[in-house]
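Structure at a glance
Residues per chain are reported as follows:
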Amino acid sequence: KQAKMLKSSPSILHFCKVSMFVFWSMNSLGQDFIFQKVNPGTKAEIRSIKQSKQGEFFFLANKIFALKSNQWGKLDFPVDGKVTVFYPITASDIWFSIDQVTNTSMLYHFHDGITENIRSPFSNTISAIHMISPQEGIFAGVTEVAAYKNGVFTELPPLPSRDAIIKLYADGVQYFWILTLKNELFIFQ
């Protein structure tokens, strides 16, 4: 059917032949989509982009940046060091960690206008954070996993492969996915 549709529509076929390197699409309202270059406000490498539960956008370079009124701005926290991982619940509720030279992490929770130092549940570096709600989340160390619920961390069993954890996604503290450095995918349920 698609081949017949292209044959019967020479203008689409011509567009495909001539414009192979142009990205063009239309949304459901018939409006054009285009790519636009955006100034992120930093020359540092952007390592991750996240969206909060409220739909706010953030990215992580050497610090956390937030999108406000179509401008990226650096969020300043009264801590020293390079932020390594973070999770924004909202613009006023953000968890983040900073690695130390001792291969450990300092864990922070920014909320209610204060930056609180939280005792890390791990003896090594924090490699991933995923918050389900302000009261629940999953934290990963290099090979360790802990659930956070109502201010308390609970250590969970280690992964069978004991490989380095690089990403995680959680629907709840009893059901989440983990990706390792060796591209192994695990589910906890």
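Right, let's walk through the structure included here. Numbers given for residues are sequential positions, taken from 1 along each chain in its written order. In keeping with the predicted nature of the model, local features appear solely for residues at pLDDT of at least 70, side-chain atom pairs appear and are counted solely at 80 or more, and the whole-chain, interface and lining totals rest on all residues. For the side-chain quantities, the full set of heavy atoms in the structure was used; hydrogens and water were omitted.

Quick word on the overall build of the protein chain
For helices the rule is a DSSP run of H or I covering at least 4 residues; for strands it is a run of E covering at least 2, with both sets numbered from the N terminus onward. For the protein chain, the count of helices and strands is two helices and 17 strands. Each residue gets one of three labels from its accessible area relative to the maximum for its type: buried under 20%, exposed over 50%, partly exposed in between, using a 1.4 Å probe on protein chains only. Every one of the 189 residues in the protein chain was classed for burial, and the buried ones make up 37%. For the protein chain, long-range pairs separated by at least 24 residues make up 29% of all intrachain contacts whose partners lie at least 6 apart in sequence. Note on areas: Shrake-Rupley, 1.4 Å probe, and residue coverage restricted to the protein chains presented here. Carbon and sulfur atoms form 55% of the exposed surface of the protein chain, whose accessible area is close to 12400 Å². When checking whether two residues touch, look at their non-hydrogen atoms; a contact exists if any pair is within 4.5 Å.

A word on the pattern of salt bridges
Salt-bridge detection follows one rule: a side-chain nitrogen of Lys or Arg within 4 Å of a carboxyl oxygen of Asp or Glu. For the coordinates displayed, the defined rule picks out one salt bridge. The partner of Glu-136 in a salt bridge is Lys-149, and the shortest N-O contact between them spans 3.5 Å. Here Glu-136, found in strand β12 (residues 136–141), pairs with Lys-149, found in strand β13 (residues 145–149); they are 13 residues apart in sequence, far enough to count as distant.

Overview of the sheet that holds strand β15 (residues 165–172)
Taking strand neighbours across the sheet as the criterion, the three strands line up as β15-β16-β17 in an open arrangement whose pairing is antiparallel. Each edge of the open sheet is held by one strand with a lone partner, namely β15 and β17 (185–188). In this sheet, adjacent strand axes meet at a mean angle of 15° when their direction is disregarded. Where strand β16 (residues 175–180) lies against β17, four bridges are found, and the strand directions are antiparallel. Bridging across to β17, Trp-177 finds its partner in Ile-187. Whether two strands pair depends on DSSP finding at least two bridges between them. In this description, a line fitted to the C-alpha atoms serves as the axis of each element, helices being fitted only across the stretch in contact, and the angle between N-to-C directions of two axes falls anywhere from 0 to 180 degrees.

Re the sheet that holds strand β10 (residues 114–118)
Strand order in the open sheet made by the four strands is β7-β8-β9-β10, with antiparallel pairing throughout. In the strand order of this sheet, the two ends are held by β7 (83–90) and β10, each with one partner. Sheet twist, expressed as the average angle between the axes of neighbouring strands with direction ignored, equals 20°. Both β7 and strand β8 (residues 93–99) contribute to a ladder of six bridges, which runs antiparallel. Looking at β8, one finds that Phe-86 is bridged to Phe-96.

What about the packing of aromatic side chains?
Side-chain rings of Phe, Tyr and Trp (the six-membered ring for Trp) are treated as a pair once their centres are within 6.5 Å; stacked means planes under 30 degrees apart, edge-to-face means over 60, and tilted covers the remaining angles. Per the stated rule, a full pass over the model turns up 11 aromatic pairs. An angle of 20° between the planes, with centres 4.8 Å apart, marks the rings of Phe-176 and Phe-188 as stacked. Of this pair, Phe-176 sits in strand β16 while Phe-188 sits in strand β17; the two residues are 12 residues apart in sequence, bridging distant segments of the chain. In textbook terms, an aromatic cluster arises when at least three aromatic residues are bridged by ring pairs, as seen for Phe-77, Phe-96, Tyr-108 and Phe-110. Remark: a charge is flagged as sitting over a ring if the NZ atom of Lys or the CZ atom of Arg is within 6 Å of the ring centre and within 35 degrees of the ring normal. Lys-50 extends its terminal NZ or CZ atom over the ring of Phe-86, reaching a point 5.5 Å from the ring centre.

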